[in-house]
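Survey of secondary and tertiary structure
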Amino acid sequence: MRTRFTELVGCEAPIQVAPMAGITTPELAEAAVKAGAHAMIGAAGMTASEVAGILEGTDKKSLNAFGINFLIPFLEPEPLELAASRAPLIDFYMGEPDKSLVELVHARGALAAWQVCTCDEALAAVEAGCDVIIAHGLEAGGRNPSQVGLFPLLAQVLDAVDVPVVAAGGIGTARGVAAALAAGADGVRLGTRFVAATESGAHPRYVKALIAADTGDTVITDAFSVMWPSGPLSHRVLRAALEAAEAFEGEFVGEAVAGSEAVPLPRFLVSPPTKSVTGAIEAMALYAGESVGAVKSTQPAGDIVRELMDGAEELLCKAAALS
Ligand SMILES: Cc1cc2nc3c(=O)[nH]c(=O)nc-3n(C[C@H](O)[C@H](O)[C@H](O)COP(=O)(O)O)c2cc1C
């Protein structure tokens with residue numbers, strides 16, 4: 001299953017684990033990459049020494065088909081410069097495509113990607129010099145300012161740009177992977193499905209809530225925006241998490257353990273619960289895409305990658321036999 005994306009980033013399968021800060025651990029990235037996928041590690045809000053820790057992990061594991069992701073509102077120069085000089089790909093989201101950032105990334109030897117929600121943004125990203133575009137639809141879990149579904153956006157973007165395009169949002173099954181590839185995408189990015197990977201950093205009760213949820217159990221809200229730098233912003237979460245947070249009485253929903261310190265977590269905090277968090281997990285930001293219906297159990301990331309690839313290949317072969 002070679003595509004322009006797999007050729008560019010050096011992986012075997014046109015599947016990418018989405019960047020999810022605190023959730024896509026180096027262990028998750030390693031397991032997915034070993035199975036042939038590409039993996040993004042989210043570094044939003046991390047310090048340079050935290051990013052250095054991730055890079056030490058990827059060096060030890062000799063990972064090459066991976067990248068580091070930054071959310072523009074949290075961007076600091078030092079972690080970005082460090083990541084761009086050591087990771088093969090740097091990916092940005094939640095800000096206007098910026099030529100100076102793309103040039104900085106290229107100057108340090110990495111490829112640059114931008115996750116976009118409109119066709120105009122895709123054109124601006126290409127104009128800024130990006131090597132890869134991620135088309136992000138309304139179905140996606142996490143921060144989500146998209147106004148249209150993935151497939152209408154993907155069709156527009158594919159017609160408008162000539163760099164590899166990765167499709168993101170609502171894809172959780174082999175059918176979704178096959179559909180995006182058949183439409184012309186060079187790769188697919190999956191987030192929610194990998195939150196439930198064995199190697200994920202997500203809290204086990206978050207994973208349990210994903211497994212219990214069905215396709216229609218997510219909602220777009222701007223409620224979980226505490227500590228998002230620019231104020232309330234749309235995101236897709238489990239409806240049950242929003243209802244639990246609204247019903248929660250008190251200022252703090254739990255604590256995060258950082259070294260010997262326990263940091264109180266305010267209600268409606270932007271961060272999803274990782275394994276180091278305690279408290280009312282069900283009332284925290286349980287980000288989930290419409291792909292959540294495909295999350296049926298906890299599985300090793302490698303098994304998820306193989307299931308998606310084998311299934312997509314079979315479907316695409318069947319479709320080719322019809323023609
Ligand atoms: C728990 C979670 C955390 C996320 N964190 C980030 C992030 O740090 N940076 C980013 O660019 N996208 C982030 N996303 C969005 C993903 O990059 C991707 O677009 C999305 O997961 C695709 O939709 P899906 O969840 O239906 O697969 C996150 C998504 C989820 C579910």
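Before going further, it helps to spend a moment on the pairing of strand 5 (residues 111–116). Among the six residues that make up strand 5, five are buried, leaving the element largely enclosed by the rest of the structure. Of the strand pairs in this sheet, strand 4 (residues 89–93) and strand 5 are connected by four bridges, and their pairing is parallel. Across the sheet, residue Ile-90 finds its bridge partner in strand 5, namely Ala-112. Chirality of the crossover, the property in question, places the unit of strand 4, helix 5 (residues 99–107) and strand 5 among those that are right-handed. Bridge count for strand 5 against strand 6 (residues 132–136) is four bridges, and the pairing is parallel. Paired with Ala-113 across the two strands is Val-132, which belongs to strand 6. A crossover connection joins strand 5 to the parallel strand 6 through helix 6 (residues 119–127); in handedness this β-α-β unit is right-handed.

Moving on: the sheet that holds strand 14 (residues 277–279). Spatially, three strands are ordered 13-12-14 in an open sheet, and the strand pairing comes out antiparallel. Here the strands that pair on one side only, and so sit at the sheet edges, are strand 13 (261–266) and strand 14. Sheet twist, expressed as the mean angle between neighbouring strand axes with direction ignored, is 30 degrees. One ladder, built from three bridges, connects strand 12 (residues 252–258) with strand 14; its direction is antiparallel.

Our next topic: the domain arrangement of the protein chain. Per the domain assignment, the segments making up the protein chain are domain 1 (10–199) and domain 2 (204–291). Distance between the C-alpha centres of domain 1 and domain 2: 22 Å. Counting residues at the interface gives 21 residues for domain 1, matched by 19 residues for domain 2. The element contributing the most residues to the side of domain 1 that touches domain 2 is helix 9 (residues 192–195), with three residues.

Our focus in this paragraph is unusual backbone geometry. With the exception of glycine, the majority of residues adopt a negative phi angle, and the majority of peptide bonds are in the trans configuration. Positioned with a positive phi, Met-227 is a non-glycine residue whose angle comes to about 80 degrees. Mapped onto the elements, Met-227 comes out in the loop between strand 10 (218–221) and strand 11 (235–238).

For the rest of this paragraph, the subject is the packing of helix 8 (residues 174–182) against helix 12 (residues 301–322). Pairs of packed helices are described in terms of their axes, by the angle between the two and the distance that separates them. Put simply, helix 8 and helix 12 touch, their axes get as near as 8 Å, and they point 55 degrees apart. Here helix 8 lies oblique to helix 12, going by the angle between them. The handedness of the crossing between helix 8 and helix 12 is right-handed. Contact with helix 8, carried on its side by Ala-174, Arg-175, Val-177, Ala-178, Leu-181 and Ala-182, involves Glu-307, Leu-308, Gly-311, Ala-312, Leu-315, Leu-316 and Ala-319 of helix 12 and no other residues of that element. Among the residues forming the contact of helix 8 with helix 12, the class breakdown is 10 nonpolar, one polar and two charged.

Each value, and the rule that gives it
- Residues numbered from 1 in each chain as written.
- Predicted model: local features only at pLDDT ≥ 70, side-chain atom pairs only at ≥ 80, totals over all residues.
- Buried ≥ 20, exposed ≤ 12 C-beta atoms within 10 Å, placed from the backbone.
- Helix = DSSP H or I, 4+ residues; strand = E, 2+ residues; numbered from the N terminus.
- Pairing = 2+ DSSP bridges.
- Right-handed = clockwise from strand over helix to strand, strands pointing away.
- Axes fitted to C-alpha atoms, helices over the stretch in contact; angles between N-to-C directions.
- Domains from an automatic or database assignment.
- Contact = placed C-beta atoms within 7 Å.
- Parallel < 35°, antiparallel > 145°, perpendicular 65-115°, else oblique.
- Left-handed = near helix turned anticlockwise from the far one by under 90°.
- Nonpolar A, V, L, I, M, F, W, Y, C, P; charged D, E, K, R; others polar.

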